[in-house]
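# Commentary on secondary and tertiary structure
The lines below spell out each chain.
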Amino acid sequence: MTDAPTSAQRTFRNLLHAQRVWDIDLPAFDPAAAPRTPLPLFHTWFAEAVAAGQAEPHTMTLATVDAEGNPDLRTLMLHDADERGWHFATHATSAKGRQLAAHPHAALGFYWPAQGRQVRVRGPVTLCTPAESRADLHVRSTGALASALVGRQSEVLGSYEELNRASDAAWKRAQADPDAEVASWTRYVVEPREVEFFQGDARRRHVRLRYRRRDGAGWTSKLLWP
């Protein structure tokens, strides 16, 4: 027998169950008119998410697996989407960098609630060239460079004061030397083998269109049950 829920638990559940999804007009999506490959559709949906006022449409969830095969995920920024794949960057010494070195496959997830849309990308992960990684680092803001200079991502932090000291020093260096190098900064590409586009529907008749790459034979696409 389970214990009766506490007052705090009942309050949370009431709040949770009161939430609604897609109390807005959602765009239509005709999969029959979709392009033969997923990249143009992603570019179009991204532009439409921006036009719809979606906050931070360039953020995405990156899923990897650790040394024991357990899933791990985090939210980070998309740096590009081109014919090679979906690009992001991080320290090779970070938790995700070490996981990708051991198991170079990943999944990405985009969610744009302003239009009830999701995009999922799965595939092997490859490293960009050192020159591309350096260029990626130096196209970023001073704050982003300073954060990269701090490094030590995912390591245990002794105190917040320690972070403040390291961050202040990194900001000063980034401002004084905007071309500073960070050897561990690495740009990665998820080379898509599967890309799914999900268009939500208020009546739950969602449209799911999945693209799969056939080795040496281009892409195929199929509808999925929601």
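In short, a report on the structure. (Residues numbered from 1 in each chain as written. Predicted model: local features only at pLDDT ≥ 70, side-chain atom pairs only at ≥ 80, totals over all residues. Heavy atoms only, no water.)

### Considerations on the nonpolar core
Ranked by size, the top nonpolar core spans 29 residues in total, and within it Phe 42, Trp 86, Phe 88, Leu 108, Phe 110, Val 119 and Phe 197 carry the most contacts. Among the elements of the structure, α2 (38–51), β1 (59–65), β4 (86–91), β5 (105–112), β6 (117–127), β7 (185–190), β8 (194–199) and β9 (207–214) are those that each provide at least two residues to this core. Looking at which element gives the most residues to this core, the answer is α2, with 5 residues. Ignoring any residue separated from it by four or fewer positions in sequence, one finds Phe 197 in contact with Pro 38, Leu 41, Phe 42, Trp 45, Gln 118, Val 119, Val 207, Arg 208, Leu 209 and Tyr 211. (Core = buried A, V, L, I, M, F, W, Y, C linked by side-chain atoms within 4.5 Å. Buried < 20%, exposed > 50% of the residue type's maximum accessible area, 1.4 Å probe, protein only. Helix = DSSP H or I, 4+ residues; strand = E, 2+ residues; numbered from the N terminus. Contact = heavy atoms within 4.5 Å.)

### Quick look at a nonpolar patch on the surface
Among the surface-exposed residues, Leu 157, Tyr 160 and Leu 163 lie close enough to one another that they form a single nonpolar patch of about 300 Å² accessible area. Mapped onto the fold, Leu 163 is located in helix α6 (residues 160–176). (Patch = residues over 30% accessible without salt bridge, like charges linked within 9 Å, V, L, I, M, F, W, Y side chains within 5 Å. Areas by Shrake-Rupley, 256 points an atom, 1.4 Å probe, with all protein chains shown as cover. Salt bridge = Lys/Arg side-chain N within 4 Å of Asp/Glu carboxyl O.)

### Some thoughts on the side chain of Ser 94
Counting through the fold element by element, Ser 94 comes out in the loop between β4 and α3 (95–102). Here Gly 97 takes part through its backbone nitrogen, which lies 3.1 Å from a polar atom of the side chain of Ser 94. With residues near it in sequence (within four places) discarded, Ser 94 still touches Gln 153 and Ser 154. (Polar contact = N/O pair within 3.5 Å; in protein donor to acceptor, adjacent residues only side chain to side chain.)

### As for the pairing of β7
Within β7, 6 of the 6 residues are buried, which leaves the element mostly enclosed by the surrounding structure. Burial along β7 is two-sided: the residues Trp 185, Arg 187 and Val 189 and Thr 186, Tyr 188 and Val 190 are all buried. Relative to β7, β4 runs antiparallel, the two being bridged by 6 bridges. Directly across from His 91, in β7, lies its bridge partner Trp 185. Note: β6 against β7, 3 bridges, orientation antiparallel. Within the sheet, the bridge partner assigned to Leu 127 lies in β7 and is Tyr 188. (Pairing = 2+ DSSP bridges.)

### Digging into the packing of helix α5 (residues 142–150) against α6
Taken N-terminus to C-terminus, the directions of α5 and α6 make an angle of 125°; their axes are 8 Å apart at the nearest point. It follows that α5 is oblique to α6 by the angle criterion. Between α5 and α6 lies a crossing whose hand is right-handed. Here Thr 142, Gly 143, Leu 145, Ala 146, Leu 149 and Val 150 of α5 lie close against α6, whose contacting residues are Ala 166, Ser 167, Ala 170, Trp 171, Arg 173, Ala 174 and Gln 175. Here the residues of the contact of α5 with α6 are counted per class, giving 8 nonpolar, 4 polar and 1 charged. (Axes fitted to C-alpha atoms, helices over the stretch in contact; angles between N-to-C directions. Parallel < 35°, antiparallel > 145°, perpendicular 65-115°, else oblique. Left-handed = near helix turned anticlockwise from the far one by under 90°. Nonpolar A, V, L, I, M, F, W, Y, C, P; charged D, E, K, R; others polar.)

### A word on the packing of aromatic side chains
The tally for this structure, following the rule as stated, stands at 12 aromatic pairs. Pairing Trp 45 with Phe 197 gives two aromatic rings, centres 5.2 Å apart and planes at 85°, and the pair type is edge-to-face. Of this pair, Trp 45 sits in helix α2 while Phe 197 sits in strand β8, and the two are 152 residues apart along the sequence. Assessed through its relative accessible area of 2%, Trp 45 is described here as buried. Relative accessible area serves as the criterion here: at 0%, Phe 197 is assigned to the buried category. Judged by centre distance (5.8 Å) and plane angle (80°), the ring pair of Phe 197 and Tyr 211 falls under edge-to-face. Of this pair, Phe 197 sits in strand β8 while Tyr 211 sits in strand β9, placing them 14 residues apart in sequence. Here the two residues Phe 197 and Tyr 211 agree in accessibility, since each one is buried. By way of ring pairs, the aromatic residues Phe 29, Trp 45, Phe 197, Tyr 211 and Trp 219 are connected into one cluster. (Phe/Tyr/Trp six-rings, centres within 6.5 Å; stacked < 30°, edge-to-face > 60°.)

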